[in-house]
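# Chain and residue survey
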2 protein chains.
Amino acid sequence: MLEKLSQIELFKGIEDLDTTFSKIHYQVRSYESEAVIAYAGDACEYLYVLLSGRVRGEVANFTGKNVVVDDINAPNTFAEAFLFATENKILVNILATTEAKILLVPKSEFLRLLHIESAILQNYLNATANRFVTVSQKLRFLTLKSVKQKLVHYLLGLQQKHEPAHFFDLGKTHAALAALFGITRPALTKNLLELRREGVIEIKNKKVRILNESKLLGYLEAL
Amino acid sequence: MLEKLSQIELFKGIEDLDTTFSKIHYQVRSYESEAVIAYAGDACEYLYVLLSGRVRGEVANFTGKNVVVDDINAPNTFAEAFLFATENKILVNILATTEAKILLVPKSEFLRLLHIESAILQNYLNATANRFVTVSQKLRFLTLKSVKQKLVHYLLGLQQKHEPAHFFDLGKTHAALAALFGITRPALTKNLLELRREGVIEIKNKKVRILNESKLLGYLEAL
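Source: prediction; values computed, not measured. Residues take numbers from 1 onward in each chain, read along the sequence in its written order. Each chain gets a letter, beginning with A, and each ligand a number, beginning with 1, in the order they are written. Totals for whole chains, interfaces and linings use all residues, but because this is a predicted model, local features are given only for residues with pLDDT of at least 70 and pairs of side-chain atoms are given and counted only at 80 or more. Side-chain descriptors were evaluated using all non-hydrogen atoms of the structure, hydrogens and water having been removed beforehand.

## Section: the packing of helix α5 (residues 174-181) of chain B against helix α6 (residues 185-197) of chain B
Residue and element names in this part refer to chain B. Contact geometry for α5 and α6: axes closest at 8 Å, N-to-C directions at 95°. Put simply, α5 runs roughly perpendicular to α6. Each of His174, Ala175, Leu177, Ala178 and Phe181 in α5 lies in contact with α6, whose residues at this interface are Arg185, Leu188, Thr189 and Leu192. Its residues assigned to classes, the contact of α5 with α6 comprises six nonpolar, two polar and one charged. The angle between two axes is taken between their N-to-C directions and runs from 0 to 180 degrees, where each axis is a line fitted to C-alpha atoms and a helix contributes only its stretch in contact. Each helix is a run of H or I in the DSSP string that is no shorter than four residues. Each strand is a run of E no shorter than two, and both are numbered from the N terminus. With respect to orientation, any angle under 35 degrees is reported as roughly parallel, any angle over 145 as roughly antiparallel, any angle of 65 to 115 as roughly perpendicular, and every other angle as oblique. We call two residues contacting when some pair of their heavy atoms lies within 4.5 Å. Classification used: nonpolar for Ala, Val, Leu, Ile, Met, Phe, Trp, Tyr, Cys and Pro, charged for Asp, Glu, Lys and Arg, polar for all others including Gly.

Take a look at the structure:
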């Protein structure tokens, strides 16, 4: 039953999951299709691992109609973001879309699991840190005021994926980038050329190289 | 030297920090005032613990002027958000504002520390989860389109701090709330009364009670 767990990011790198799980307490519950797994407002006290089937998160909208906000296929974990938060309430109703089998690890037992298996601890820390970075970057993007700030944010994001001071591709056409920033293509080009004139980037054969990362970062903090 | 660590959230609940730290490798470095501790773009490979003095994060803005974006006083940790992220680059230059003493725990040794001391692991998981929740809530707030959605988000935030289905105070005057949402006071009152008419909240003696949390959540997902 546990062999599917090795496909989940959280459990990758563990040689013998059966032995590992034999050291902790957990439950496996079966749900009929359309059964409620948890209600919005419930405290999140378990790591939920969907072993088989499909579950969804949904809320009633203001007309009373249920709206699906999340859709999870086995094998996967869910609702784990709030597990260790002080305000650990689940935000949506969680229902089984098909028959589903769920492994529930109580929070205290999950802590023991993190202690027993360093690989799971590292996977969990890596996943939560990445999620934090992603959300922080989105937040930063939404608070950016000018087109130039959005462009700078985008360039810095690309730079992270490449060697410092090397040329990289913009990853999208100028037209697609302009659409992303909600401006016209000429306005995008104008902003790119301004950054070049200010000496912070170099443009060659449609590729870009960052010459002054510190000054680029400065645009983001300028407001 | 380590006695100050017990004042830091991350290390609370540890009885004998000297014994704990004797089990791992770490360095203590002293910095002169205005010395550079790390450059923007450096990989974050250490847990930084500021033992004494003051440090700041700064970036050069587009005119070349340095702008302070963060200011940290001892005792405290800093730059720990990226420690376990896949893209673990420090985003700003970090400088000593005064003479400073910094304890540096390499990432691998911090992992060992989390393994040795369950209290530190729980503190760290709690702090990172709370930070994630805070940033997620901010992100959600920024993506809310209507005044009613902002109001609903605010009410749900208050509800989390109180017993379900109990009356709670709005926490701010109507005038202050209206300012927060960027609307007039009458417009705020109109939205509150609409929510009452729709049967999702009850208002009594300037206090509010949520009657239908699921329907309230529905407003957030409606767009």
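## Comments concerning the sheet that holds strand β10 (residues 201-204) of chain A
Taken in spatial order, the three strands make up an open sheet running β9-β11-β10 (chain A), and their pairing is antiparallel. Each edge of the sheet is formed by a strand with only one pairing partner; in this case those strands are β9 (168-169) and β10 of chain A. In this scheme, strands are said to pair when DSSP sees at least two bridges between them.

## A few points about the relation of the copies chain B and chain A
Between chain B and chain A, which share one sequence, the superposing operator has a rotation angle of 180° and an axial displacement of 0.0 Å; the RMSD is 0.1 Å. These values place the two chain copies in the arrangement generated by a two-fold rotation axis. The share of interface residues of chain B whose copies in chain A are also at the interface is 98%, consistent with both copies meeting through the same surface. Residues reaching a pLDDT of at least 70 in both copies supply the C-alpha atoms on which the copies are superposed by least squares.

## What about the sheet that holds strand β10 (residues 201-204) of chain B?
Adjacent strands of a sheet pair through backbone hydrogen bonds, lying either parallel or antiparallel. Residue and element names in this part refer to chain B. In space, the three strands of this open sheet follow the order β9-β11-β10, with antiparallel pairing throughout. Only two strands of the sheet have a single partner each, and these edge strands are β9 (168-169) and β10. In this sheet, strand β11 (residues 207-210) lies alongside β10 in antiparallel orientation, the contact comprising four bridges. Considered in β11, the bridge of isoleucine 203 is made with valine 208.

## A closer look at a negative patch on the surface
On the surface, Glu3, Glu15, Asp16 and Asp18 of chain A cluster together into a negatively charged patch. For aspartate 18 of chain A, the location among the structural elements is in helix α1 (residues 17-22). Excluding any residue in a salt bridge, patches collect residues exceeding 30% relative accessible area, merging like charges within 9 Å and nonpolar Val, Leu, Ile, Met, Phe, Trp and Tyr side chains within 5 Å. In these tables, accessible area is a Shrake-Rupley quantity obtained with a 1.4 Å probe, and a residue counts as shielded only by the protein chains included in the view. Salt-bridge detection follows one rule: a side-chain nitrogen of Lys or Arg within 4 Å of a carboxyl oxygen of Asp or Glu. Residues counted as positive are Lys and Arg, residues counted as negative are Asp and Glu, and His and the chain ends are not counted. Every charge is mapped onto a representative atom, which is NZ of Lys, CZ of Arg, CG of Asp or CD of Glu.

## Re the confidence of the model for chain A
In the predicted model, chain A carries a mean pLDDT of 87, and the fraction of residues at 70 or more is 96%. Reported for the predicted complex are a pTM of 0.73 and an ipTM of 0.72. Each residue carries a pLDDT score, the predictor's confidence in it, ranging from 0 to 100.

## Focus: the side chain of histidine 153 of chain B
Within the secondary structure, histidine 153 of chain B sits in helix α4 (residues 147-160). Beyond its immediate stretch of four places on either side in the chain, histidine 153 of chain B contacts Gln137, Arg140, Phe141, Leu144 and Leu220 of chain B.

## Quick word on the interface of chain B and chain A
Listed as interface residues are 49 residues of chain B and, on the opposing side, 48 residues of chain A. Put simply, buried area is the surface a 1.4 Å probe can reach on two separate parts but cannot reach once they are joined, added for both. Between chain B and chain A, the buried area comes to about 4,600 Å², and carbon and sulfur atoms account for 68% of it. Counting the contacts that link chain B with chain A gives zero salt bridges. For this analysis, a polar contact is any N or O atom pair within 3.5 Å, provided that within protein one partner can donate a hydrogen and the other can accept it, and provided that sequence-adjacent residues contribute only side-chain to side-chain pairs. On inspection of chain B and its partner chain A, the count reaches seven residue pairs in polar contact (both at pLDDT 80 or more). Among the elements that make up the side of chain B that touches chain A, the one with the highest residue count is helix α3 (residues 118-143) of chain B (18 residues). Residue composition of the side of chain B that touches chain A, by class: 25 nonpolar, 15 polar and nine charged.

## Notes on the pairing of β11 of chain B
A simple rule labels every residue: compare its accessible area, found with a 1.4 Å probe on the protein chains alone, to the largest value its type can have, and call it buried under 20%, exposed over 50%, or partly exposed in between. Residue alternation in β11 of chain B divides its side chains into a buried set, Val208 and Ile210 of chain B, and an unburied set, Lys207 and Arg209 of chain B. Hairpin remark: β10 of chain B followed by β11 of chain B, antiparallel, with two residues in the connecting loop; positive phi at asparagine 205 of chain B, about 50°.

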